[in-house]
Amino acid sequence: MSETDVELEARLAEQDAFDPPESFIQQANVTDPEIYQQFEDNWPRCFEQAADLLSWTDDYDQVLDDSNPPFYEWFVGGELNASANCLDRHLEGRGDEPAIEWIGEPTDEDNRTYTYSELHREVNEFAAGLRALGVEEDDVVTLYLPMIPELPIAMLACARIGAPHSVVFAGFSADALGTRLEAADSEYLVTCDGYYRRGDPLDHFSKASDGLANVSHSVDTVIVERLAKEDQIPHNWTEQTHSYATLLEKHRGATVEPIGRDAEDMLFLMYTSGTTGQPKGVKHTTGGYLSWAAWTSHAVLDVKPEDTYFCAADIGWITGHSYIVYGPLALGTTTMMYEGTPDYPDRNRLWELIETYEATQLYTAPTAIRSFMKWGTEYIESHDLSSLRLLGTVGEPINPRAWKWYYKHIGEESCPVVDTWWQTETGGMMLTTLPAIGEMKPGTAGPPLPGVSADVVDVRGSPVAAGEAGYLVANKPWPGMLRTLYQNDDRFINEYWREYSNTDSDDSADWVYFPEDGAKIDGDGYITVLGRVDDVLNVSGHRLGTMEIESAIVGVEGVAEAAVVGGDHEIKGEAVYAYVITEDGYKENEDLRERIVAGVEDAIGPIARPEAVVFTPELPKTRSGKIMRRLLENIANNDELGDTSTLRNPDVVSEIQQKAQSN
Ligand code: PRX
């Protein structure tokens, strides 16, 4: 490091607030600081600004119907189609401009550009193909696809014919796919033969078929030939398996009129982890969700049609839904999509992509930023990243050091960094600074977006003082909010509303949304989200329920009981620590440990792989029999143990500690 670099590092380390760069403000989509007040004064009509970014086939009569909380309805009476909003309306003027720049993982020119016209054509053909298979409006179509163009194509084809999609992350296991197909009663699956990971073709279809084997109803399956080599394509075709290529061929040149969907009609389902073993089917709608995805892309990510915008998430998670597909395409921009990992074939890959495509925004997760930091700046310095105008982070708290590193080394101190807090359930961003307005404070997401009402409260629901920790809540509804959990209104109320609402009231002022995150707020109203307060872990920005992992572990032969907690991890943020009691007659040995790890991978996927499996004779329990997870977390982190006096079995703690250390 040169002397000036050292000085710069020292200055950055001390600085705890940053102003948006002047060059950015000059050209930003949203620049008027009055927007916060205007939205407040004009609530909920302020959200018309979001709805105005879309094209409606029927105007809505009412912005918000809050007469039956928490079942809010947005843009009531409006009609639109998400696929038409993302494609058809851009054809005139932007038809020949790239909609998707797709980069395959292999480096031998395995890239594809889809202009808006080309994307429109293929979406129409696939929509016609889906119809021919029998897919009707409101049928849930499951998409188990990796980061290949056919995933957004299938999403938009579903949206076109009014069939909600349920995307299952390709890294999830066969069992996870089966559970989601079953829960959504989904009779259609789009998957692929395989894809590339670190240079090797990966068999995806076997996972899909194993998943299908456990589904109680029959499922028509369309297979995308990603690997496209005869010998790699699965052979077990039945009457219910169809080739994507053949289906397109049959419907070459077809046009499918986009179906008019009510604003409140379901656009998609997304399963996410909760506190029970059963994932939650989060329901998002056509009008509210799409307008929120579009508005936040416009206001926070500063997306403009002429941009080449790069979100390095996976479409299998909500970030990719809202900010690779729906938000950017609704705004008619060019969205980049990369199949592989940032370090394949080497650590230059992302920077090469940014340089080659002249990416204007980069939106990624803190876990990735922490890896980049660890790799060092040499990979970055050999690339011209000056096309970047804005940086964003999402998915987990970002520590100030990582924020500043991102700001300095990737953004070259000339890009604002937006730290965006939101969830699968919120549909889009909720807390963040607007990039041209107000200071950025590393480590804290920022104030609620205009029109969003959030606070940090204590257990009784009273606001906490500045600097104190409490629970994050949203006091008012917003257009992108989930409408319910699929076919489970009771769980919807219990999980998100019961804690802080008067559930007997039909006055929406008595209803408060609880996202199950801990937070603190500073004197300027900036909110720092501290992490989950329920039994959900955040591993590399991926959300995993401890119960899901525990039930996978107790399903392994020889395991009597298990408790899973999150331990701190330098790169992943949190890592899975499993404490396991064996059944009588089973040895605590390497074989069992391996079977436990394999059991978790089979039930969920490699992302849930335990960092450590600690065998223990007992779990620390309160007198009422509740596992004291906090103690297990302390042990995982090698922290001082808190109070153990309320335990039924205090002696077990030091034993577990010893076992964990010798692990
Ligand atoms: O705990 C919060 C954390 O991620 C959770 C939501 O996870 P998921 O539904 O998978 O959506 C991730 C992408 C939006 C939240 O409850 N989280 C998300 N963003 C942040 C965050 N924690 C702190 N800061 C953030 N910016």
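Residues numbered from 1 in each chain as written. Predicted model: local features only at pLDDT ≥ 70, side-chain atom pairs only at ≥ 80, totals over all residues. Heavy atoms only, no water.

J.: Please give an account of empty space enclosed by the protein that cites residues and values.
T.: In total, this model carries 4 cavities of 30 Å³ or more according to the counting rule given. Considered as a void within the structure, the largest cavity measures approximately 80 Å³ in volume. Taken as a whole, the second largest cavity encloses approximately 60 Å³ of empty space. Taken together, Trp421, Thr426, Met430, Leu431, Val452, Ala454, Leu472, Val473, Ala474, Tyr513 and Pro515 make up the full set of residues lining the second largest cavity. Among the elements that line the lining of the second largest cavity, the one with the most residues is strand 22 (residues 469–474), at 3 residues. Residues of the lining of the second largest cavity, tallied by class, amount to 10 nonpolar, 1 polar and no charged. (1 Å grid on protein atoms, 1.4 Å probe; cavity = no way out; pocket = protein on both sides within 12 Å on 5 of 7 lines; lining within 4 Å. Points joined across faces, edges and corners; volume = space filled by probe spheres on them. Helix = DSSP H or I, 4+ residues; strand = E, 2+ residues; numbered from the N terminus. Nonpolar A, V, L, I, M, F, W, Y, C, P; charged D, E, K, R; others polar.)

J.: Go over the side chain of Asn649, please, and point to the residues and values.
T.: Considering the arrangement of structural elements, one finds Asn649 in the loop between helix 20 (629–636) and helix 21 (652–661). Within the structure, Asn649 has its side chain in polar contact with the side chain of Glu618 (distance 2.7 Å). From its side chain, Asn649 meets the backbone oxygen of Leu619 in a polar contact 2.9 Å long. Contacts of Asn649, omitting those with residues within four sequence positions, involve Glu618, Leu619, Pro620 and Lys621. (Polar contact = N/O pair within 3.5 Å; in protein donor to acceptor, adjacent residues only side chain to side chain. Contact = heavy atoms within 4.5 Å.)

J.: An account of the packing of aromatic side chains is needed here, citing residue identities and associated values.
T.: Scanning the entire structure with this criterion turns up 35 aromatic pairs. Within the aromatic cluster, the residues linked to one another by ring pairs are Phe39, Trp43, Phe47, Trp56, Tyr60, Trp74, Phe75, Trp292 and Trp295. In this structure, Arg112 packs its charged tip against the face of Trp102, placed 4.9 Å from the ring centre. Sitting above the plane of the Tyr526 ring, Lys441 keeps its charged end 4.3 Å from the centroid. (Phe/Tyr/Trp six-rings, centres within 6.5 Å; stacked < 30°, edge-to-face > 60°. Lys NZ or Arg CZ within 6 Å of the ring centre and 35° of its normal.)

J.: If you had to explain the sheet that holds strand 18 (residues 361–364) to someone new, which residues and values would you point to?
T.: Pairing between sheet strands relies on hydrogen bonds along the backbone, with the strands arranged either parallel or antiparallel. Taken together, the 7 strands give an open sheet; going across it, the order is 5-4-17-16-18-19-20, and neighbouring strands pair in mixed fashion. In the strand order of this sheet, the two ends are held by strand 5 (111–115) and strand 20 (417–420), each with one partner. The average undirected angle you get between the axes of adjacent strands in this sheet is 20°. Bridge count for strand 16 (residues 308–311) against strand 17 (residues 334–338) is 3 bridges, and the pairing is parallel. When the sheet's bridge partners are listed, Thr308 is paired in strand 17 with Thr334. Packing against the sheet, helix 13 (residues 349–357) makes contact with strand 4 (98–103), strand 5, strand 16, strand 17 and strand 18, and its axis sits at approximately 155° to strand 17. Its contacts with the sheet put helix 16 (residues 400–410) on strand 18, strand 19 (390–394) and strand 20, and the angle it makes with strand 19 is roughly 155°. (Pairing = 2+ DSSP bridges. Axes fitted to C-alpha atoms, helices over the stretch in contact; angles between N-to-C directions.)

J.: For the pairing of strand 28 (residues 573–582), give the residues involved together with the corresponding values.
T.: Taken across its 10 residues, strand 28 has 8 buried, putting it largely inside the fold. In this structure, strand 27 (residues 559–569) lies alongside strand 28, joined through 10 bridges in antiparallel fashion. Counterpart to Val565 in the pairing with strand 28 is Tyr577. Connecting strand 27 to the antiparallel partner strand 28 that follows it, the hairpin turn spans 3 residues. Inspection of the sheet shows strand 28 paired to strand 29 (residues 612–615) by 4 bridges, in the parallel sense. When the bridges of strand 29 are listed, Tyr577 appears paired with Ala612. In this fold, the crossover linking strand 28 to strand 29 by way of helix 19 (residues 590–603) has right-handed handedness. (Buried < 20%, exposed > 50% of the residue type's maximum accessible area, 1.4 Å probe, protein only. Right-handed = clockwise from strand over helix to strand, strands pointing away.)

J.: Provide a residue-level description of the environment of Thr426, including the pertinent values.
T.: As for its placement among the helices and strands, Thr426 is situated in the loop between strand 20 and strand 21 (454–457). Between the C-alpha atoms of Thr426 and Gln27, which are 399 residues apart in sequence, the distance is 28 Å. The contact partners of Thr426, leaving out residues within four places of it in the chain, are His284, Trp292, Trp421, Trp478, Gly480 and Met481.

J.: Which residues make up the pattern of salt bridges, and what are the values?
T.: Where side chains of opposite charge bring their charged atoms close, a pairing between them can arise. Applying the stated criterion across every chain yields a total of 34 salt bridges. A salt bridge links Glu249 to Arg252; its shortest N-O distance comes to 3.3 Å. A salt bridge links Glu611 to Lys572; its shortest N-O distance comes to 3.1 Å. Taken together, the residues Glu611 in the loop between helix 19 and strand 29 and Lys572 in the loop between strand 27 and strand 28 connect sequence positions 39 residues apart. What makes Glu611 partly exposed here is its relative accessible area of 39%. (Salt bridge = Lys/Arg side-chain N within 4 Å of Asp/Glu carboxyl O.)

J.: Describe in detail the sheet that holds strand 23 (residues 517–521), supporting the description with residues and values.
T.: With respect to topology, 4 strands assemble into an open sheet ordered 21-22-23-24, the strand pairing being antiparallel. Each having just a single partner strand, strand 21 and strand 24 (527–532) make up the two edges of the open sheet. Averaged over all pairs of adjacent strands, the angle between their axes in this sheet comes to 45°, without regard to strand direction. Sheet analysis places strand 22 next to strand 23, joined by 3 bridges and oriented antiparallel. Paired with Gly470 across the bridge in strand 23 is Ala519.

J.: Can you break down the site of the ligand residue by residue, with the values?
T.: In the vicinity of the ligand there are 17 residues, among which Asp419, Thr420, Thr424, Asp517 and Arg543 approach most closely. Between the ligand and Asp517 there is a distance of 2.7 Å, counted from an oxygen atom to a side-chain nitrogen or oxygen. Taking Asn538, its side chain carries an N or O atom lying 3.5 Å from an oxygen atom of the ligand. Within the complex, 96% of the 550 Å² of free accessible area of the ligand lies under protein. (Near = heavy atom within 4 Å. Areas by Shrake-Rupley, 256 points an atom, 1.4 Å probe, with all protein chains shown as cover.)

J.: Residues and numbers for unusual backbone geometry, please.
T.: A cis amide bond links Trp43 to the next residue, Pro44, at an omega of 0°. When you line up the elements, Pro44 lands in the loop between helix 3 (35–41) and helix 4 (48–51). For the bond running from Tyr344 to Pro345, omega is 0°, close enough to zero to count as cis. Within the fold, Pro345 resides in the loop between strand 17 and helix 13. A positive phi is found at Asp302, a non-glycine position, where the angle reads about 60°. Inspection of the secondary structure assignment puts Asp302 in the loop between helix 11 (287–299) and strand 16. In this structure, Ser540 takes a positive phi of about 50° despite not being glycine. Along the chain, Ser540 turns up in the loop between strand 25 (536–539) and strand 26 (542–545).

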